[in-house]
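Examination of the molecular architecture
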Amino acid sequence: MTEKLHIVCPHCHTTNRIAAAQLGGEAHCGSCHQPLVTGRPVPLDDASFVRHVGRSQLPVVVDFWAPWCGPCRMMAPAFEQAAGTLKTQAQFAKLDTQAHPQAAAPFHIRSIPTMVVFREGRELGRISGALPASEIVRWVQSVI
Ligand code: ZN
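Residues numbered from 1 in each chain as written. Predicted model: local features only at pLDDT ≥ 70, side-chain atom pairs only at ≥ 80, totals over all residues. Heavy atoms only, no water.

Let's talk about the packing of helix α2 (residues 70–85) against helix α4 (residues 133–143)
Our working rule: In this analysis, axes come from line fits to C-alpha atoms, helices being fitted only over the stretch in contact, and the angle between any two N-to-C directions falls in the range 0 to 180 degrees. The numbering of helices and of strands both runs from the N terminus, where a helix is a DSSP run of H or I of at least 4 residues and a strand a run of E of at least 2. Here the word oblique covers every angle except those under 35 degrees (roughly parallel), over 145 (roughly antiparallel) and from 65 to 115 (roughly perpendicular). The crossing is said to be left-handed when, going from far helix to near helix, the turn is anticlockwise and less than a right angle, and right-handed when the turn is clockwise. Should any heavy atoms of two residues lie within 4.5 Å, those residues are considered in contact.
Two elements in contact, α2 and α4, have axes separated by 8 Å at closest approach and are oriented at 50°. Considering their axes alone, α2 and α4 lie oblique with respect to each other. Of the two possible hands of crossing, α2 and α4 adopt the one that is right-handed. Residues Met 75, Ala 78, Phe 79, Gln 81, Ala 82 and Thr 85 of α2 lie in contact with α4, whose contacting residues are Ala 133, Ile 136 and Val 137.

Dropping the structure here:
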């Protein structure tokens, strides 16, 4: 029997059910037909945040950030690099806490950047402060 996972499309945010083994290959969204695994952080808004965080059985690493935050902007390339390294193990995502404060409010984010890992609505871990790519990868692997 093959393990099936609910994966939320990073393009149209439809929930797909795919075999875990397909994650490393060419899995495409049944709705918009774009690749489900991109290795790139997906920008979220209020609605897509709820879908990814609540439904994805692939861990979702959310970077809570804001445009005015210097350390957040500095960490962005490292976050993108980590997203590529871990593309079959986690979906990386970004939530702009200035544009979407309602989505962030329930999580009581006290400082940014803060990264939180979720799976099916449960918080697996969080860490605050900007990190280099290698430390983001190590931290995510330690909590998933
Ligand atoms: Zn799609």
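Read on for the rest.
Overview of the coordination of the zinc ion
We apply this condition: Metal donors: N, O and S atoms at distances within 2.8 Å, or within 3.2 Å for Na, K and Ca, with water omitted from the atom set so that some sites may seem incomplete. Tetrahedral means four donors with every angle between 85 and 135 degrees, whereas square planar (four donors) and octahedral (six donors) require angles over 155 degrees between opposite donors and between 65 and 115 for all others; sites fitting neither are termed irregular. Each residue gets one of three labels from its accessible area relative to the maximum for its type: buried under 20%, exposed over 50%, partly exposed in between, using a 1.4 Å probe on protein chains only.
Protein coordination at the zinc ion: the donors are Cys 9 (SG), Cys 12 (SG), Cys 29 (SG) and Cys 32 (SG), at 2.3 Å from the metal. Around the zinc ion, the 4 donor atoms are arranged such that angles at the metal cover 105 to 113°; this shape is classified as tetrahedral. Mapping the donors of the zinc ion onto the primary sequence gives the spacing C-x2-C-x16-C-x2-C. Here Cys 9 is found in the loop between β1 (4–8) and β2 (15–19), whereas its partner Cys 29 is found in the loop between β2 and β3 (42–44), with 20 residues between them in sequence. Here Cys 9 matches Cys 29 in class, with each residue buried.

Remarks on the environment of Ala 27
By the secondary structure assignment, Ala 27 is in the loop between β2 and β3. Note on Ala 27: relative accessible area 4%, which makes it buried. For the pair formed by Ala 27 and Met 75, sequence separation is 48 residues and the distance between their alpha carbons is 29 Å. Setting aside its immediate chain neighbours within four residues, Ala 27 contacts Ile 18, Gln 22, Gln 34, Pro 35, Leu 36 and Val 37.

With respect to the packing of aromatic side chains
The test is simple: In this scheme Phe, Tyr and Trp rings, the latter by its six-membered ring, pair at centre separations within 6.5 Å, and the angle between planes marks the pair as stacked below 30 degrees, edge-to-face above 60, and tilted otherwise.
The full count for this structure, using the stated rule, is 6 aromatic pairs. A ring pair is formed by Phe 49 and Phe 118, whose centres lie 6.2 Å apart and whose planes are at 85°; its orientation type is edge-to-face. Here Phe 49 is found in helix α1 (residues 46–55), whereas its partner Phe 118 is found in strand β6 (residues 114–119), with 69 residues between them in sequence. Here the aromatic rings of Phe 107 and Phe 118 are separated by 5.1 Å at their centres, their planes lie at 70°, and the arrangement is edge-to-face. Taken together, the residues Phe 107 in the loop between α3 (101–104) and β6 and Phe 118 in strand β6 connect sequence positions 11 residues apart. Neither Phe 107 nor Phe 118 differs from the other in exposure class; each is buried.

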